[in-house]
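# Results of the structural survey
One letter stands for each residue in the lines below.
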Amino acid sequence: MSDIPVITVDGPSGSGKGTISRQIAHQLQWHFLDSGALYRLVALGAMKSGIELGHEAGLADYARGLEVRFVSDDPTEEPIILLDNQDVTADIRTETCGNAASKAAALPAVRQALLQRQRGFLQSPGLVADGRDMGTTVFPAARLKIFLTASAEERAKRRHKQLKEKGIDVNLAALVKDIAERDQRDGSRASSPLKPADGAVILDTSIMGIDEVMAKVNALISEMMPDTK
Ligand code: DC
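The sections below set out a description of the structure shown in this document.

Our focus in this paragraph is the packing of aromatic side chains. By the definition in use, this model includes one aromatic pair. Summarising the aromatic geometry, the rings of Phe-70 and Phe-121 are spaced 6.1 Å apart at their centres and angled 75° between planes, so their arrangement reads as edge-to-face. In this pair, Phe-70 is assigned in strand β3 (residues 68–71) and Phe-121 in the loop between α5 (108–119) and β6 (127–131), connecting sequence segments 51 residues apart. Owing to a relative accessible area of 31%, Phe-70 belongs among the partly exposed residues under this scheme.

Okay, structure coming up:
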């Protein structure tokens, strides 16, 4: 078991975990794992290669051989993501790809195929891991486990605003429905369902701004990892 410290940040989409976990990584100057991007890459690559989303063995093979590079200068920003040397940064963030990722992620062989790759992100001086099962399955020995949540309505509003900023107009009611369906699938699957890890600190971000959440997270880091700068 490695001594390199890990902070896990799990939660449903729109809970703010991407923003918060990137800020923690930036602040501590630690490495960062966006595990959702890996599931999105598997779904996108499989769709491009004509592999059906229900073909578990085919998807798992594809996941094992995934040729991906994260190119980043600034850990607070999303890196450029190259799949087979092609820039897919925007392609993996669509609702279609998110839904396909959620379906692929329900398949145990796909999760197993990505397990070691995710653990490979653990490098000195530390790792902040963002996902659904970081604290329960991938890094169960993490020093600090955070579970961020927010109401489905609030998460849909945030997603709506993000998409609007990108010039994409999506119906809010459709987004609420989509998010509720994705929550149901991610939370009810047999293999590593979305749920707070034992010992996780649960923060409801429905009525908290980013600064407030970061203040709570920093207090937790000082309390539980006093040796961390
Ligand atoms: O965090 P995200 O929206 O980019 O993740 C996309 C999908 O991938 C999400 O619906 C569920 C799945 N996922 C997962 O099952 N386990 C993870 N650790 C991360 C994401």
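Further notes follow.
Attention now moves to the side chain of Gln-118. Here Gln-118 lies in helix α5. According to the relative accessible area criterion, Gln-118 is buried, its value standing at 1%.

Time to look at unusual backbone geometry. Here Ser-124 and Pro-125 are connected by a cis peptide whose omega angle stands at 10°. Even without being a glycine, Gln-29 presents a positive backbone phi close to 60°. Within the secondary structure, Gln-29 is located in the loop between α1 (17–28) and β2 (31–34). Positive phi values are uncommon outside glycine, yet Asn-85 reaches one of about 65°. Within the element layout of this structure, Asn-85 appears in the loop between β4 (80–83) and β5 (86–87).

Conventions used here
Residues numbered from 1 in each chain as written. Predicted model: local features only at pLDDT ≥ 70, side-chain atom pairs only at ≥ 80, totals over all residues. Heavy atoms only, no water. Phe/Tyr/Trp six-rings, centres within 6.5 Å; stacked < 30°, edge-to-face > 60°. Helix = DSSP H or I, 4+ residues; strand = E, 2+ residues; numbered from the N terminus. Buried < 20%, exposed > 50% of the residue type's maximum accessible area, 1.4 Å probe, protein only.

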